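A look at the structure
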Amino acid sequence: MNLRHLVAAVALVSLAVPAFAEPSAAGRVKVVSGSAFIIRGSEVMAAELGQPVFESDRVRTGSDGRLGITLKDDTRFSLGPGSEVELSRFAYVPAQGRVALALNVIRGMAAYVSGRIAKLSPDAVKLETPGAIVGVRGTTLALSVSPR
Amino acid sequence: MRRRPIVLTAMFAVSLLAGCGARKVKQPELPGQALVVLLPDPETGAVGRAVVSNAAGKADLVAARDSTVTIARRAPEPVKTLTAAEVKDLFGDVLAALPPPQRHFTLFFRFDSEELTEESRSLAPEIVRAVRERRVPDVLIVGHTDTAGPKVTNFDLGLRRANSVSALLRQAGLDAAAIDVVSHGETELLVPTADGIIEARNRRVEITVR
């Protein structure tokens with residue numbers, strides 16, 4: 001690698017950094033009605049339209065709540081009333097081959113429509129329920145989980 | 001006492017109804033029990049595949065509305081295909097809460113330029129419409145180039161192309177905060193070519209509205 005190549009490589013990396021540098025949201029709340037919450041660590045926030053959702057967040061709805069979320073890879077999922085889902089894993093850096101998605105349906109009703117991650121790497125998508133794991137080869141699933 | 005026959009009749013009717021109810025698919029009730037249903041894609045109707053498994057066994061969901069019931073330490077129940085009415089009854093509510101599907105657009109450019117082709121320029125109003133239809137729009141604009149010229153220059157050209165589309169959409173009134181601009185340079189060719197090849201279909205910006 002001569003100096004020109006090195007400079008070129010550094011320039012590429014520094015140009016590429018802004019897209020990945022900030023701890024970026026996995027997705028955003030696109031649909032909300034009734035009581036719905038985002039739980040981040042010990043913090044419980046009322047879910048609002050446009051609110052970002054991060055890896056490890058849990059989302060929860062009350063008995064009158066509904067929630068719809070779109071992730072950065074076009075994955076969509078929703079919760080019916082009285083439901084709770086954890087976005088236990090989300091990685092979407094296709095250029096580096098890092099893609100992963102795990103949704104843990106803790107209780108209630110959930111729907112899932114696969115996005116780019118399932119297309120790029122079907123084995124990278126897992127939906128978890130208390131008693132089994134669902135491996136998804138696209139595209140749409142509905143789950144109903146009785147609380148443990 | 002005179003009323004008893006009526007009460008008995010009513011109880012009989014209730015037990016009949018309950019009998020019908022038992023054949024209907026029920027929500028899981030045991031702690032940690034789950035019902036998993038494979039559904040056709042809401043937009044395309046395509047049916048994927050899902051494998052439901054735990055240490056005790058697995059169930060393959062392969063056809064529209066195939067379902068299984070799971071609980072820890074027991075193999076998933078044999079696959080049962082639900083009717084469309086049963087799916088609507090159980091999941092209509094949660095399916096209605098799914099956000100609208102993403103839309104993709106591809107715009108093409110003149111050689112070595114961030115100027116759109118005439119045809120692509122005319123697509124702009126449709127993109128703006130797709131954005132405005134959404135209550136919470138996210139727009140991802142990814143610039144691409146062909147393999148003519150050095151990689152670094154192409155990375156920069158891809159970025160300029162993406163920025164020019166971003167400017168066009170902002171002129172149309174789109175909020176800059178909803179827009180993400182990225183360049184992939186010559187690393188993701190639509191039409192695979194060797195290095196140094198001029199290819200109009202690779203000179204493009206891909207837009208995702210979600």
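You'll find the structure just up there.
Here is a short report on the structure shown in this document. (Residues numbered from 1 in each chain as written. Chains lettered and ligands numbered in written order. Predicted model: local features only at pLDDT ≥ 70, side-chain atom pairs only at ≥ 80, totals over all residues.)

Moving on: the overall build of chain A. When helices and strands are tallied, chain A shows 2 helices and 12 strands. Order of helices (α) and strands (β) in chain A, N terminus to C terminus: α-β-β-β-β-β-β-β-β-β-α-β-β-β. Relative to its 148 residues, chain A shows a buried fraction of 47%. Looking at chain A alone, contacts between residues at least 24 apart form 52% of all its contacts between residues at least 6 apart. (Helix = DSSP H or I, 4+ residues; strand = E, 2+ residues; numbered from the N terminus. Buried ≥ 20, exposed ≤ 12 C-beta atoms within 10 Å, placed from the backbone. Contact = placed C-beta atoms within 7 Å.)

Here we come to the interface of chain A and chain B. By convention, interface size is frequently given as the accessible area that disappears when the constituent parts associate. Taken together, the 45 residues of chain A in the interface contact 44 residues of chain B. Looking at the side of chain A that touches chain B, the elements with two or more residues in it are α1 (3-16), β1 (27-33), β6 (66-71), β7 (76-79), β9 (98-113), β11 (132-136) and β12 (140-145) of chain A. Considering each element in turn, the side of chain A that touches chain B owes the most residues, 6 residues, to β12(A). In the side of chain A that touches chain B, the residues fall into 24 nonpolar, 14 polar and 7 charged. Across 6 bridges, the pairing between β12(A) and strand β1 (residues 34-39) of chain B is antiparallel. For Leu141(A), the partnering residue across the bridge sits in β1(B) and is Leu38(B). (Nonpolar A, V, L, I, M, F, W, Y, C, P; charged D, E, K, R; others polar. Pairing = 2+ DSSP bridges.)

All names here are of chain A. Here strand β2 (residues 36-40) pairs with strand β5 (residues 58-61) via 4 bridges, running antiparallel. Counterpart to Ala36 in the pairing with β5 is Thr61. Relative to strand β3 (residues 43-46), β2 runs antiparallel, the two sharing 4 bridges. Note on β3: the bridge partner recorded for Ile39 is Val44. Connecting β2 to the antiparallel partner β3 that follows it, the hairpin turn spans 2 residues, and Gly41 within it adopts a positive phi of roughly 65 degrees.

Residue and element names in this part refer to chain B. The strand order β6-β9-β7-β8 describes an open sheet built from 4 strands, whose pairing is mixed. The sheet terminates laterally at β6 (103-108) and β8 (179-185), the two strands that pair on one side only. Averaged over neighbouring strand pairs, the angle between their axes works out to 20 degrees when direction is ignored. Relative to strand β9 (residues 204-209), strand β7 (residues 139-144) is paired through 5 bridges, and the arrangement is antiparallel. Counted as the bridge partner of Val139 is Val209 from β9. In the packing of helix α4 (residues 124-132) onto the sheet, contacts are made with β6, β7 and β9, and the angle to β9 comes to roughly 25 degrees. (Axes fitted to C-alpha atoms, helices over the stretch in contact; angles between N-to-C directions.)

Another aspect to go through is the nonpolar core. Counting 55 residues, the largest nonpolar core has Leu67(A), Ala110(A), Leu141(A) and Leu143(A) as its most contacted members. Broken down by element, this core gets its largest block of residues, 9 residues, from β9(A). Excluding residues that lie within four positions of it along the chain, Leu141(A) makes contacts with Tyr112(A), Leu127(A), Val134(A), Val136(A), Val36(B), Val37(B), Leu38(B), Leu39(B) and Ala50(B). Counting residues in hydrophobic clusters, the runner-up holds 19 residues, among them Val131(B), Ile141(B), Val165(B) and Val181(B). (Core = buried A, V, L, I, M, F, W, Y, C linked by C-beta atoms within 7 Å.)

Right, let's talk about helix α5 (residues 151-171) of chain B for a bit. Each full turn of the α-helix corresponds to 3.6 residues, which orients residues three or four apart in the same direction. The first and last C-alpha atoms of α5(B) sit 30 Å apart over 21 residues, in line with the 30 Å expected at 1.5 Å per residue. Along α5(B), the residues that are buried comprise Asn154(B), Phe155(B), Leu157(B), Gly158(B), Leu159(B), Arg161(B), Ala162(B), Val165(B), Ser166(B) and Leu169(B). (Expected span 1.5 Å × (residues − 1).)

Moving on, we get to the environment of Ala200(B). Among the structural elements, Ala200(B) can be located in the loop between β8 and β9. What makes Ala200(B) partly exposed here is the crowd of 14 C-beta atoms within 10 Å.

For Ser56(A), which is not glycine, the phi dihedral falls at a positive 80 degrees. By secondary structure assignment, the location of Ser56(A) is in the loop between β4 (52-53) and β5. The backbone of Arg65(B) shows a phi angle near 70 degrees, a positive value even though the residue is not glycine. Assignment of secondary structure puts Arg65(B) in the loop between β3 (57-61) and β4 (66-70).

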